[in-house]
Amino acid sequence: MAKTAKITVDGKTYEVDATKNLLEVCLSLKLDLPYFCWHPAMGSVGACRQCAVKKFRDENDKVGKLFMACMEPIVDGMIISIQDAEAKEFRKGVIEWLMTNHPHDCPVCDEGGECHLQDMTVMTGHDYRRYRFKKRTYKNQYLGPFINHEMNRCIQCYRCVRYYRDYAGGKDFDVFGVHNTVYFGRHEDGVLENEFSGNLVEVCPTGVFTDKTLGKHYTRKWDQTYAPSICVHCSVGCNTIAAERYGLLRRVQSRYNGEVNGYFLCDRGRFGYEFVNSPKRIRKPLRKNKETRQFEELGSEDALKYIRKLLSDSKRIIGIGSARASLESNFTLLSFVEKQNFYWGESDRNIQLIQKQYDILRNGPARTPSLRDIEKCDVVIVLGEDLTNTAPMIALALRQSVRQEPVQSATPYRIPHWQDQAVRELTQDEKGPIFIATPLATRLDEISETYRAAADDIARLGFMVANSFSDRSPLVSGATDEQKKLSGKISEALKKAKRPLIIAGPSLQSEAVIEAAANIANAMITSGKTCELCFTVPEVNSMGMAMMDITHQGIESAFEALKNKPADTLIILENDLYRRAEEQAVDSFLGKFKNVIVLDYLENSTSLKADAVLSSGSFAESDGTFVNNEGRAQRFYQVYDAGENIKESWRWLRDIMLNSGLHEFGKWKILSDFTNALSKAMPVFDGINNITPPPGFRIAGEKIPREPFRYSGRTAMFANKSVHEPKPPEDIDSPLSFTMEGYRGKPPSSIIPFFWSPGWNSQQAINKYQIEIGGALHGGDPGKRLIEPKSGKTPAFFTKIPQAFSPRNGDWFVVPVYHIFGSEELSVNAPGINELTPKPYVMISSEDAGSLGLTSEKQIELEAQGKTYSLPAKLNLGLPKGLIGIPKGLPGMPEIKTGSWVRLKMG
Amino acid sequence: MPVKKRKKDFTLSEKLYIPEIMKGLGLTLKHMFKPKVTMEYPEVKFNPPAAFRGRPVLVQEENGVERCVACGLCARVCPALAIEVQASETNLDKERFPERFEINMIRCIFCGFCEEVCPEEAIVMSKDYELVFRNRNDAIFGKDKLLVPIAKLHDRLEFLRNFK
């Protein structure tokens, strides 16, 4: 706490943080004070008049005056009253006004039961409608596959528009109209463009914006089974709450973690969950019939017997791990096949890059920041990453960090920083310095200074900046004027920065870019400044894989190794090899094995080629640990028990090992046994067992229930199947239970299944779980940072500067184009995401297209790796000459290697 | 334990026994000529008053659609956790309908909370008290058994309008 003050609330004196506003302070003190327009992430505007409290001049003042708590700065010795009769009457009156137009459609409203407006209405005591006239009605809009719009329910708190425009930087949503007919929406029907629109569902205090995917299989908040989970759709590792009923995953919500995602999630994370319910799910172990080449379903016992038969006569087993599988699953496979036979199922190139990033963070002096830290940085340089599409939540964090510097200008005017409207009026469009160097235009360009170039030129720019801080980073010769001007500007900004940040990543497949980023950070630190260094990685557990003690060999190495030393059995863990390497290479690789065993949860090209498929649990049916790009180990727990045919990969592998006579693994029974063994075998993971309480953890002798205490229908849910009430499944791996019985208080921060507090049924109940509003959860934010910077050592500098990129005549250099909706393997199986996934295409700069006489959407023939593909062209303004953009991972899109040269023929 | 003393000793006529017998027989004889109050169930069915809480049923409107919008409040309030509602979407004005609505009638305690909490007057307590099952599976009432045409429920709906 920076500055403290003593205030008196209803006769009781508290010591509070003086930099906050009165509403925040009251909520931090866990006092119940209704509010609407204020949101902890967005500050105060004082629009809804709901948080009125009485303020008294001194002890002798018995009359007092009404003030809006969210607009009141804390003054030492302040005397206020929340319970004052006049204040209460006022708040009740405000609700009554809001309710004059609010429809009584709670029974069909998705928000019903978790509605902030319902909570506040009950809290203020308004219970009878006196207004006898017609309610105002609106037409609703189509806002895309994710968000449902029901404008009649609006109470004009303005949170949505403040979130969408001010916080998330959206453009296609606004407030229209005047007086009593204010309208929040788009100028016309259409899909919301912003990638963070899903947060409107949680930001809206009532049911104007609701989750359309939940609406398709609607279940009330109290009827869902929840578990603390981790988003699997990128490397940031946002904390989520996943909810289930009847074995169907119903929705994903943000799980507050003050250090990671805070209150928000991106749309891929929020709506990508539906892949779990996809018809492509593998729900039972499969065996390929040798004659018909068709899959047959097996029971789990039979499957294990069959696999035992396959393994019994195999001499050498190769294991391929995966960065979308948990640490435990990879470790179990590693223990089974042993280190020399274990390959990380990623391309060799990617592994080199990720490994390099990890080495830089591990050995270098630069600290890797959490998402919250990124928000607080004031100067940011992004090298080569299109963050909105590769690590979306970092992009949202950057939209906050550009405000760091302008907000400071409010201090001399004595405007507190939480005074959102005043600060925005003062700062207008001012933005803090942020520089983005990418080949393609990004969504963040509007807030940044940009540099469009190929990877090598981006790296050269980075090296130039590094050189301006330290001579130990080499001088770049032959720089263009543009580069010189820009690098000078960047150095200037960095010198002034209080908390600079460099972001880079492997998406351009360029080592030089990563090295340049590291050099900038190292050079700044050696010159006595601070600098943080953030790397994105391709998948949810890529960083964890880099940290594991494995040979760090990829797919191509596995192909090579097989040529020298044959093997007969292949075990593939949650990996689609066809996304990692060329089709023919994978085909011939798989063809060399007698037995191919796949553990996965979605049918894919690799699983179709397998001889046996074991039905692994997705994140919703498994427990495990992921390490995010920051190096934070985080645990996720299964939401529901999917029956004996779906098991965690590590449990399947353990069973296979026991079946093969490796009895020493019999002692690995529950998750913590696996995690313990892992941290013993690899000291880098020391302590990850303690990131969540042990399975034996109890509060007052009770487990933590996954279900709210008013979970309904227990004796009727499965009665149509059997009238005998089934015994609830037991969870041996965690201190969570699958039932509604258990400890009713607040669980430890790392295993919060859902947010709820008496009187607070909405997500706003998070207030009650935080030590201070917007700060850490009680008991500390979950997760454990495994990478800390090495200080005191002089960092190593990279010295190899790449040649400047020069376009070739007739050949095109491939740069990857990532799509938030489409590039990620799992989320494309969610119907909503699939709807927004672009069709395959190639991207050409408008300039090049002009010289080729090419127009948009025209088919062109692309010759790559000896193959010809016909794809429609898309023109792009910013793309530098000689580069061609190839979308990554889109369904139906051929895999064309980044960094290779391709030829074009007009179709 | 001391023997409790009688308040009053028998009178002579009582002690004589016969007159008392005659008195009793006389009473029987008198009732033989009075109107009957016993209902001869099951030949004669009892028609309960509107306030009677029989098995809960779902109101089916005249157009054949159920009133229920599957809000789930009955399931939530049910103290026996006996109601299960699975919502689905419809193009009708009401937006949602129960795809599945099941009451475990072994568990139901006829408390009427579901009726009380229902915002649509869609679940009401009927006059139906004849609940006999040959086996426990028959006691799971789905929509087929729960839906009752509104015409048969006028009494109860009238009662709710007056007294709820």
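The model shown is predicted, which means the values in this text are computed figures rather than measured ones.

How each quantity is defined
- Residues numbered from 1 in each chain as written.
- Chains lettered and ligands numbered in written order.
- Predicted model: local features only at pLDDT ≥ 70, side-chain atom pairs only at ≥ 80, totals over all residues.
- Heavy atoms only, no water.
- Helix = DSSP H or I, 4+ residues; strand = E, 2+ residues; numbered from the N terminus.
- Polar contact = N/O pair within 3.5 Å; in protein donor to acceptor, adjacent residues only side chain to side chain.
- Contact = heavy atoms within 4.5 Å.
- Domains from an automatic or database assignment.
- Buried area = accessible area lost by both parts, 1.4 Å probe.
- Salt bridge = Lys/Arg side-chain N within 4 Å of Asp/Glu carboxyl O.
- pLDDT = per-residue confidence, 0-100.
- Axes fitted to C-alpha atoms, helices over the stretch in contact; angles between N-to-C directions.
- Parallel < 35°, antiparallel > 145°, perpendicular 65-115°, else oblique.
- Left-handed = near helix turned anticlockwise from the far one by under 90°.
- Nonpolar A, V, L, I, M, F, W, Y, C, P; charged D, E, K, R; others polar.
- 1 Å grid on protein atoms, 1.4 Å probe; cavity = no way out; pocket = protein on both sides within 12 Å on 5 of 7 lines; lining within 4 Å.
- Points joined across faces, edges and corners; volume = space filled by probe spheres on them.

Engineer: Help me understand the side chain of A:N628, please; the structure alone is not making it clear to me.
Structural biologist: All names here are of chain A. Here N628 shows up in the loop between β25 (624–627) and β26 (632–636). In this structure the side chain of N628 is engaged in a polar contact, spanning 2.8 Å, whose partner is the backbone oxygen of V236. Here the side chain of N628 touches R632 through a polar contact of 2.9 Å, landing on its backbone nitrogen. Among residues more than four places away in sequence, those in contact with N628 are S235, V236, G237, V540, M543 and Q634.

Engineer: Sorry, what's going on with the domain arrangement of chain A here?
Structural biologist: Reports of interface size often rely on the accessible area that becomes lost once the parts have come together. Residue and element names in this part refer to chain A. Once the domains are mapped, chain A shows domain 1 (4–98), domain 2 (106–277), domain 3 (286–346 + 544–685), domain 4 (366–535) and domain 5 (811–906). Listed per partner, the contact involves 23 residues of domain 2 and 17 residues of domain 3. Across the domain 2 to domain 3 interface the summed buried area is about 1600 Å²; carbon plus sulfur atoms make up 66%. Remark: the boundary between domain 2 and domain 3 carries one salt bridge. Residues E259 and R632 are paired through a salt bridge, measuring 3.8 Å at the closest nitrogen-oxygen approach.

Engineer: Looking at this model, I keep getting lost on the confidence of the model for chain B. Mind explaining?
Structural biologist: Caution is warranted with low-pLDDT regions, since their predicted coordinates should not be read in detail. Across chain B, the average pLDDT comes to 91, with 96% of residues at 70 or higher. Reported for the predicted complex are a pTM of 0.93 and an ipTM of 0.83.

Engineer: Looking at this model, I keep getting lost on the packing of helix α8 (residues 300–312) of chain A against helix α23 (residues 649–659) of chain A. Mind explaining?
Structural biologist: Residue and element names in this part refer to chain A. Direction vectors running N to C along α8 and α23 enclose 55 degrees, while the axes themselves pass 9 Å from each other. The angle between the axes of α8 and α23 places the two elements in the oblique class. As for how α8 packs across α23, the hand of that crossing is right-handed. Every residue of α23 that contacts α8 at S300, L304, I307, R308 and L311 is listed here: W652, D655, I656 and N659. Partitioning the contact of α8 with α23 into residue classes produces five nonpolar, two polar and two charged.

Engineer: Looking at this structure, how should I read empty space enclosed by the protein?
Structural biologist: By rolling a water-sized probe across the atoms, one finds the places where empty space is left. Residues and elements named next belong to chain A. This model, assessed by the stated rule, comprises 15 cavities of 30 Å³ or more. As a volume, the largest cavity reaches approximately 180 Å³. If you trace the largest cavity, you find 18 residues lining it, with E111, E114, V201, E202 and Q253 closest to the centre. Here the element with the most residues in the lining of the largest cavity is strand β12 (residues 248–254); it accounts for three residues. Grouping the constituent residues of the lining of the largest cavity by class yields five nonpolar, six polar and seven charged.

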